Amino acid sequence: MSPTRHRRTTSAPFQPLALAACLLGGLLPGVSAQAEEARWVSDSLNTYVRSGPTDGYRIVGSLTSGQKVQLLRTQGDYSQVRAENGNAVWIPSRDLQEVPGQAERLPQLEQRVAELSAELEGIDETWKTRVQGMQETLDARKKLIAELQTARGALDAELTTTRAQLREAQAQLGEEQQQVLMRYMVYGGGIAGAGLLLGLILPTMLRVRRKRNDQWI
């Protein structure tokens, strides 16, 4: 059977003859049966489907880019798939891919982008809140440090004044102590001089008094 001219048709329900050809293709020897698996038509093209597993079978329809189908079996370079309308047709295996098409992945990607954007906004808000809190804490600590520095300056000034007053008091106390010492020395010298003078005068007065007494006798 020679291949017919490729002509794009709609995915309308297949004619009974096409179904019979599909059944005949399923009964051909060498066809391997396997569990149904999901496949998607390649995004790069709109591909025709045939009634059998070779280019010699006639075209019975087409599948659109990114359309989801179920893989039924493979034979040679062709794979038999079940379309969304339930019909089983053959398509070149190279025109199938194991990941969803862009039309199906795009909404998922957009949803994922939206989720990541929302998550990023949440992280951004969290960091803004944390940074604001840290800034407020830093400002409070700066204010406290400034107050402590001011208080320390006042205490340093007070300490300097107190030390100056203490030095002045110590100097004044030294002068007073010297004055007191001088007074003690003066008083002591006066008392010693008076005692010495009495020691010299008293014996003389006693001798004179004795002489007078002797004269009267």
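Caption draft 1: Region of the structure containing the nonpolar core. Judged by nonpolar contacts, Val49, Val60, Leu63, Val69, Leu71, Val81, Ala83, Val89, Ile91 and Leu96 together constitute the single largest core of 10 residues. Every element with two or more residues in this core is listed here: β3 (59-63), β4 (68-75) and β6 (88-92). Setting aside residues no more than four positions away along its own chain, Val81 makes contact with Leu63, Val69, Gln70, Leu71, Leu72, Asn87, Ala88, Val89, Ile91 and Leu96.

Caption draft 2: Structural view of the packing of aromatic side chains. By the definition in use, this model includes zero aromatic pairs. Sitting over the ring of Trp127, Arg130 keeps its end group 4.6 Å from the ring centre.

Caption draft 3: The arrangement of the pairing of β6 in detail. Of all five residues that make up β6, five are buried, and the element is covered over most of its length. Judged by which residues are buried, β6 turns out to be covered on both faces: Ala88, Trp90 and Pro92 on one side and Val89 and Ile91 on the other are all buried. Where strand β5 (residues 78-82) meets β6, five bridges bridge the pair, whose relative direction is antiparallel. Opposite Ser79, over in β6, you have Ile91 as the bridge partner.

Caption draft 4: Looking closely at the confidence of the model for the protein. When pLDDT is averaged along the protein, the result is 77; 76% of the residues meet or exceed 70. Mean pLDDT across the elements of the protein ranges from a minimum in helix α1 (residues 16-27), with 45, to a maximum in β5, with 94. Within the model, pLDDT remains below 50 along residues 1-24, and this stretch shows 38 contacts once partners closer than five positions in the same chain are excluded.

Caption draft 5: View of the pattern of salt bridges. Counted according to the given criterion, the structure contains four salt bridges. A salt bridge links Arg82 to Glu36; its shortest N-O distance comes to 3.9 Å. With a gap of 46 residues between them, Arg82 in strand β5 and Glu36 in strand β1 (residues 32-41) connect regions that are remote in the sequence. The exposure class assigned to Arg82 is partly exposed, which follows from its relative accessible area of 33%.

Caption draft 6: Representation of a nonpolar patch on the surface in the model. Taken together, the side chains of Val180, Tyr184, Val186, Tyr187 and Ile191 present a nonpolar region at the surface, about 570 Å² in accessible area. Checked against the element boundaries, Tyr187 lands in helix α2 (residues 102-216).

Cut-offs and rules
- Residues numbered from 1 in each chain as written.
- Predicted model: local features only at pLDDT ≥ 70, side-chain atom pairs only at ≥ 80, totals over all residues.
- Heavy atoms only, no water.
- Core = buried A, V, L, I, M, F, W, Y, C linked by side-chain atoms within 4.5 Å.
- Buried < 20%, exposed > 50% of the residue type's maximum accessible area, 1.4 Å probe, protein only.
- Helix = DSSP H or I, 4+ residues; strand = E, 2+ residues; numbered from the N terminus.
- Contact = heavy atoms within 4.5 Å.
- Phe/Tyr/Trp six-rings, centres within 6.5 Å; stacked < 30°, edge-to-face > 60°.
- Lys NZ or Arg CZ within 6 Å of the ring centre and 35° of its normal.
- Pairing = 2+ DSSP bridges.
- pLDDT = per-residue confidence, 0-100.
- Salt bridge = Lys/Arg side-chain N within 4 Å of Asp/Glu carboxyl O.
- Patch = residues over 30% accessible without salt bridge, like charges linked within 9 Å, V, L, I, M, F, W, Y side chains within 5 Å.
- Areas by Shrake-Rupley, 256 points an atom, 1.4 Å probe, with all protein chains shown as cover.

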